[in-house]
Amino acid sequence: VCSSDLGSELRKEILRSAPVVDKEKTKILNEFFSELNYDGNTKLYVVRADEFNAFALPDNSIFVLSKVLDDVKTYPQLAALLGHEYAHIKYRHSMKTLGQALSWELLASIFSDNSSDNFVRNANKLLSLKNSRAFETQADKGGLELLEQNHIDLNGMVEMFEIMEQLPKKGNEPPTYLSTHPDTEDRLQATKDELKGMKNNFTDNSKLDELFNELTAKHDNY
């Protein structure tokens, strides 16, 4: 079975077993992504879960956990996170590793429980399989290049890492998002170094700002 088929099956399993896929936020997030002009074939989903996380699958889909929308403060920060995840798709990182690491049996076991805690934990099993320092470094740089190409404030990437550094720890363990990625402090410094050779020619985008405000608005049932 090819990894793209595995990715498609995995997406279907997530949509069947995720605690709640927020349809309203998902619609707005796809509008936001479209306005970024990163890619026209990627589909995004917002899953309600109390953890700062996002991940990409090799079938051109990106899942964003709703805690991200609680924590990001500006549209360049969200654009940076989505740029990083899209870079994983662009460079076929998950395609390269899912086919090697996953089997149909593992797919069945990962999404056999519908509870929110298990969803978050099991989604992170996938992250721990797919992420490597080399892939993350390339995705960070690729995300920065997407911001630059689309005239979005490059400081959004710096600020995203600063948010990640402030995520609460669970006991003596780092947040799962950090444990499955290279050291955030190192990534933050590498990003600052990369910015020295780039031109931050950003222009304010009122449409992105409007969509961002809709995405991050708090509702009584959210």
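Up top you'll find the structure we're talking about.
A short tour of the structure in this document, coming up. Because the structure is a prediction, the values reported are computed rather than measured.

## Considerations on the sheet that holds strand S1 (residues 43-47)
So, step 1. The strand order across the open sheet formed by three strands is S1-S3-S2, and the pairing between neighbours is mixed. A single partner strand is all that each edge strand has here, and the edge strands are S1 and strand S2 (54-57). Put simply, the sheet's adjacent strands are angled 20° from each other on average, direction ignored.
So, step 2. Summarising the sheet, S2 and strand S3 (residues 61-65) pair through four bridges and their orientation is antiparallel. Bridge pairing in S3 places Ala56 opposite Ile62.
So, step 3. Of the strands in this sheet, S1 and S3 are in contact with helix H2 (residues 23-36), which crosses S1 at around 140°.

## What to know about helix H4 (residues 75-90)
So, step 1. Counted at 1.5 Å a residue, the expected span for H4 with its 16 residues is 22 Å, and the 21 Å between its end C-alpha atoms agrees.
So, step 2. The buried fraction of H4 is high, at 15 of 16 residues.
So, step 3. Trailing H4 by a residue or two, Arg92 shows a phi angle of about 60°, which is positive.

## A few points about the nonpolar core
So, step 1. With 43 residues, the main nonpolar core has Phe32, Leu36, Tyr38, Leu78, Leu82 and Leu147 as its most contacted residues.
So, step 2. Here the element with the most residues in this core is H4; it accounts for eight residues.
So, step 3. Not counting residues up to four positions away in its chain, the partners in contact with Leu78 are Leu29, Phe32, Val68, Leu69, Val72, Phe212 and Leu215.
So, step 4. With nine residues, the next largest nonpolar core counts Ile14, Tyr45, Ala49 and Phe55 among its residues.

## Digging into helix H11 (residues 184-195)
So, step 1. For H11, built from 12 residues, the straight-helix expectation of 16 Å at 1.5 Å per residue is met to within 8% by its first-to-last C-alpha distance of 16 Å.
So, step 2. Along H11, the residues classified as buried are Thr184, Arg187, Leu188, Thr191 and Leu195. Down the axis of H11, the buried side of the element spans an arc of 100°, and every buried residue falls inside it.

## Description of the packing of helix H9 (residues 155-165) against H11
So, step 1. Running from N to C, H9 and H11 point in directions that differ by 165°, and their axes come no closer than 9 Å. Taken together, H9 and H11 sit at an angle that is classed as roughly antiparallel. Like other packed secondary-structure pairs, H9 and H11 cross with a definite hand, here left-handed. Taking contact as the criterion, the partners of Asn155, Met157, Val158, Phe161, Glu162, Met164 and Glu165 in H9 are, on H11, Thr184, Glu185, Arg187, Leu188, Thr191, Lys192 and Leu195.

## Focus: the pattern of salt bridges
Oppositely charged side chains can pair when the atoms bearing their charge come close.
So, step 1. Evaluation of the coordinates by the stated rule reveals six salt bridges.
So, step 2. Here Arg187 and Glu136 are joined by a salt bridge, their closest N and O atoms 3.6 Å apart. With Arg187 in helix H11 and Glu136 in helix H8 (residues 133-149), the pair connects residues that are 51 residues apart, well separated along the chain.
So, step 3. Since its relative accessible area comes to 5%, Arg187 is described here as buried.
So, step 4. With a closest N to O distance of 3.6 Å, Asp193 and Lys196 form a salt bridge.
So, step 5. A residue is classified by how much of its surface remains accessible, and Asp193, at 38% relative accessible area, is partly exposed.

Parameters at a glance
- Throughout, a residue's number is its position along its own chain's written sequence, starting from 1.
- This being a predicted model, a pLDDT of at least 70 is required before a residue's local features are given, and a value of 80 or more before pairs of side-chain atoms are given or counted; all residues contribute to the totals for chains, interfaces and linings.
- With hydrogens and water excluded, all non-hydrogen atoms of the structure serve as input to the side-chain values.
- Only when DSSP finds a minimum of two bridges between them are two strands counted as paired.
- Segments assigned H or I by DSSP are reported as helices when at least four residues long, segments assigned E as strands when at least two residues long, and all are numbered from the N terminus.
- Interaxial angles span 0 to 180 degrees and are taken between N-to-C directions of axes, which are lines fitted to C-alpha atoms, for helices over the stretch in contact.
- Here a residue-residue contact requires only that any non-hydrogen atoms of the pair lie within 4.5 Å.
- Helices are assigned an expected span. That span is 1.5 Å times one less than the residue count.
- Three exposure classes are used, based on accessible area relative to the maximum for each residue type with a 1.4 Å probe and protein chains only: buried under 20%, partly exposed in between, and exposed over 50%.
- Definition used in this section: a nonpolar core is a set of buried Ala, Val, Leu, Ile, Met, Phe, Trp, Tyr and Cys residues joined via side-chain atoms within 4.5 Å.
- What the arc describes is the spread of directions from the helix axis to the C-beta atoms.
- Note on terminology: angles under 35 degrees are roughly parallel, angles over 145 are roughly antiparallel, angles of 65 to 115 are roughly perpendicular, and the others are oblique.
- Should the near helix be turned anticlockwise from the far one by less than a right angle, the crossing is termed left-handed; should it be turned clockwise, right-handed.
- Whenever Lys or Arg places a side-chain nitrogen within 4 Å of a carboxyl oxygen from Asp or Glu, that contact is recorded as a salt bridge.

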